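Structure assessment
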Amino acid sequence: MTLEAIDVHHGYGNETVFEGVSLSVTPGEVVGIIGPSGVGKSTLLRLLALFDAPNRGSVSYKNDDVWQVSEQRRLEYRRQIGMVFQEASLFDASVRRNAEYGLRVRQTWADRLRHELSSIVGKTNGTGDAIEALDTVGLREKVDQDASSLSGGEAQRVAFARALAYEPDILLLDEPTSDLDPRNTAVIEEAVLEAKKRGIGVVIATHDMHQAERIADRVAVLLENDIIEVGDTETIFENPTDERTRKFIEGELVY
Ligand code: ADP
């Protein structure tokens, strides 16, 4: 179930973003990527989300090189990897509909048929996971509210619930709390730890290194086109090997 970028080189046009970056995530661990703005955190997440193919190197999932397998297999893999972006984009519909959306995408036609039939005969509505996910982010009581009436922080919590309801094996989070106040940030961080408890492998990119310190098991430091160091969180923050990591953490390296 490991998702791994292996010696990845990537860039845009003439601009190099990475020259040989490797990073893995396994079920039930939280990996933080820290680094200044513009260093390539989103780019790395997009590669791990299988949105883009690396210019060189490979991305492996379940021991397959994902750009060597059939498109159908890659699509299947992509469905097992959830992503939450910095800004929630919700539909003009109820909170429940928004949280269910990923489920509907994931369901096969047979599941959908069963779901339609069960709602006709008034049995289970088939949305248990979405409600449970909304519960995880403390929004169960808002299921019938229109998503457009939510605050920015609540909207992001719904986006997170949508990703959780989907029951991904891997969850990629791109600066998910950078626009949020401390309370909403704390709810999302708790939900990340809950996802980890459920065995989901989480990668969170953040420019807030204290967030990584609070919730990550391992931290990768992305600086100067490279992951200069990756290790368990305590070591990275207390006893880093690379002098640049220490300077970055202590705020001496300004980019
Ligand atoms: P971060 O997430 O760490 O802020 P990004 O991955 O967004 O960094 O960006 C890394 C570099 O790649 C930046 O210099 C950015 O301008 C550039 N970049 C990102 N996306 C694109 C794109 N689609 N086209 C061209 N350049 C891009």
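What you are looking at is a predicted structure, and each value in this text was computed from that prediction instead of being measured. The numbers attached to residues start from 1 for each chain and follow its sequence in the written order. In keeping with the predicted nature of the model, local features appear solely for residues at pLDDT of at least 70, side-chain atom pairs appear and are counted solely at 80 or more, and the whole-chain, interface and lining totals rest on all residues. For the side-chain quantities, the full set of heavy atoms in the structure was used; hydrogens and water were omitted.

1. Concerning the site of the ligand
Around the ligand sit Tyr-12, Glu-15, Val-17, Pro-36, Ser-37, Gly-38, Val-39, Gly-40, Lys-41, Ser-42 and Thr-43, and those are all the residues in its vicinity. Counting of polar contacts relies on pairs of N or O atoms within 3.5 Å, with two restrictions inside protein: one atom must be capable of donating a hydrogen and the other of accepting it, and residues adjacent in sequence are counted only when both atoms are side-chain atoms. At 2.7 Å from an oxygen atom of the ligand is found a main-chain nitrogen or oxygen belonging to Gly-38. Within the contact set of the ligand, an oxygen atom lies 2.6 Å away from a side-chain nitrogen or oxygen of Thr-43. Areas reported here follow the Shrake-Rupley algorithm with a probe of radius 1.4 Å; residue values treat only the protein chains shown as occluding. Contact with the protein chains hides 58% of the accessible area of the ligand, taken as 560 Å² for the molecule alone. Secondary structure elements are taken from DSSP: a helix is a run of H or I of four residues or more, a strand is a run of E of two residues or more, and numbering for both begins at the N terminus. Contributing elements (two or more residues each) for the shell around the ligand: β2 (15–25) and α1 (41–48). Sorting elements by how many residues they give to the shell around the ligand places α1 first, with 3 residues. For this description, a residue counts as near a given molecule or strand if any of its non-hydrogen atoms is within 4 Å of it.

2. Digging into the sheet that holds strand β7 (residues 170–174)
Strands were regarded as paired on the criterion that DSSP finds at least two bridges between them. A sheet is described by the order of its strands in space; here 6 strands give the open sequence β6-β7-β8-β3-β9-β10, paired in mixed fashion. The outermost strands of the open sheet, each flanked by one partner alone, are β6 (81–84) and β10 (226–232). When the angles between neighbouring strand axes are averaged without regard to direction, this sheet yields 15°. Bridge count between β6 and β7: 4 bridges; the pairing is parallel. Bridge pairing in β7 places Ile-81 opposite Ile-170. Contact definition: two residues touch when any of their heavy atoms are within 4.5 Å. Lines fitted to C-alpha atoms define the axes, with helix axes restricted to the stretch in contact, and inter-axis angles between N-to-C directions lie between 0 and 180 degrees. Seen against the sheet, α1 touches β3 (30–34), β6, β7, β8 (201–206), β9 (218–223) and β10 and runs at an angle of roughly 155° to β7. Strands in contact with helix α6 (residues 152–165) are β6 and β7; relative to β6, the strand with the most contacts, it is inclined by about 175°.

3. Considering the packing of α6 against helix α7 (residues 182–197)
For any two helices packed against each other, the geometry is given by the interaxial angle and the distance between the axes. In the contact formed by α6 and α7, the axes pass within 9 Å of each other and the chain directions differ by 10°. By the criterion of interaxial angle, the relationship of α6 to α7 is roughly parallel. Taking contact as the criterion, the partners of Gly-153, Glu-154, Gln-156, Arg-157, Phe-160 and Leu-164 in α6 are, on α7, Arg-183, Asn-184, Val-187, Ile-188, Ala-191, Val-192 and Ala-195. Roughly parallel means an angle under 35 degrees; roughly antiparallel means over 145; roughly perpendicular covers 65 to 115; every other angle is labelled oblique.

4. Looking at the nonpolar core
Only buried residues count toward a nonpolar core. Its members are Ala, Val, Leu, Ile, Met, Phe, Trp, Tyr and Cys residues joined through side-chain atoms within 4.5 Å. Buried means the residue's accessible area, taken with a 1.4 Å probe over protein chains only, is under 20% of the maximum for its type, while exposed means over 50%, and partly exposed covers the values in between. If you look at the biggest cluster of nonpolar residues, it comprises 44 residues, and the most contacted ones within it are Ile-34, Leu-134, Phe-160, Leu-171, Leu-173, Val-192 and Val-202. Ignoring sequence-local partners within four residues, the contact set of Leu-173 consists of Leu-45, Val-84, Phe-160, Val-192, Val-202, Val-203, Ile-204 and Ala-205. Judged by nonpolar contacts, the second largest core, of 30 residues, contains Ile-33, Leu-45, Ala-220 and Ile-227.

5. Brief notes about the layout of surface pockets
Site definitions follow a grid-based scheme: protein atoms alone, a 1 Å grid, a 1.4 Å probe that fits but cannot get out for cavities, and for pockets an open set with protein on both sides within 12 Å along at least five of seven lines, plus lining residues having an atom within 4 Å of a point. Grid points are joined across faces, edges and corners, and a volume is the space filled by probe spheres set on the points. Considered as a void within the structure, the largest pocket measures approximately 510 Å³ in volume. Together, 20 residues line the largest pocket, and Gly-82, Met-83, Phe-85, Tyr-101 and Arg-162 are the ones closest to its centre. A total of 4 residues in the lining of the largest pocket trace back to one element, the largest contributor, which is β6. Here the nonpolar group is Ala, Val, Leu, Ile, Met, Phe, Trp, Tyr, Cys and Pro; Asp, Glu, Lys and Arg are the charged ones; every other residue, Gly included, is treated as polar. Across the lining of the largest pocket, the residue classes tally to 13 nonpolar, 3 polar and 4 charged. Estimates place the volume of the second largest pocket at around 200 Å³. Taken together, 15 residues form the lining of the second largest pocket, with Ser-37, Gly-38, Val-39, Gly-40 and Lys-41 sitting closest to its centre. Going through the elements one at a time, β2 and α1 are the ones with two or more residues in the lining of the second largest pocket. Tallied by class, residues from the lining of the second largest pocket come to 2 nonpolar, 8 polar and 5 charged.

6. A look at the confidence of the model for the protein
On average, residues of the protein carry a pLDDT of 91, and 89% of them reach 70 or more. The predictor attaches a confidence to each residue, and that confidence, scored 0 to 100, is pLDDT. Scored below 50 in pLDDT, residues 121–126 makes 6 contacts in the model with residues more than four places away or belonging to other chains.

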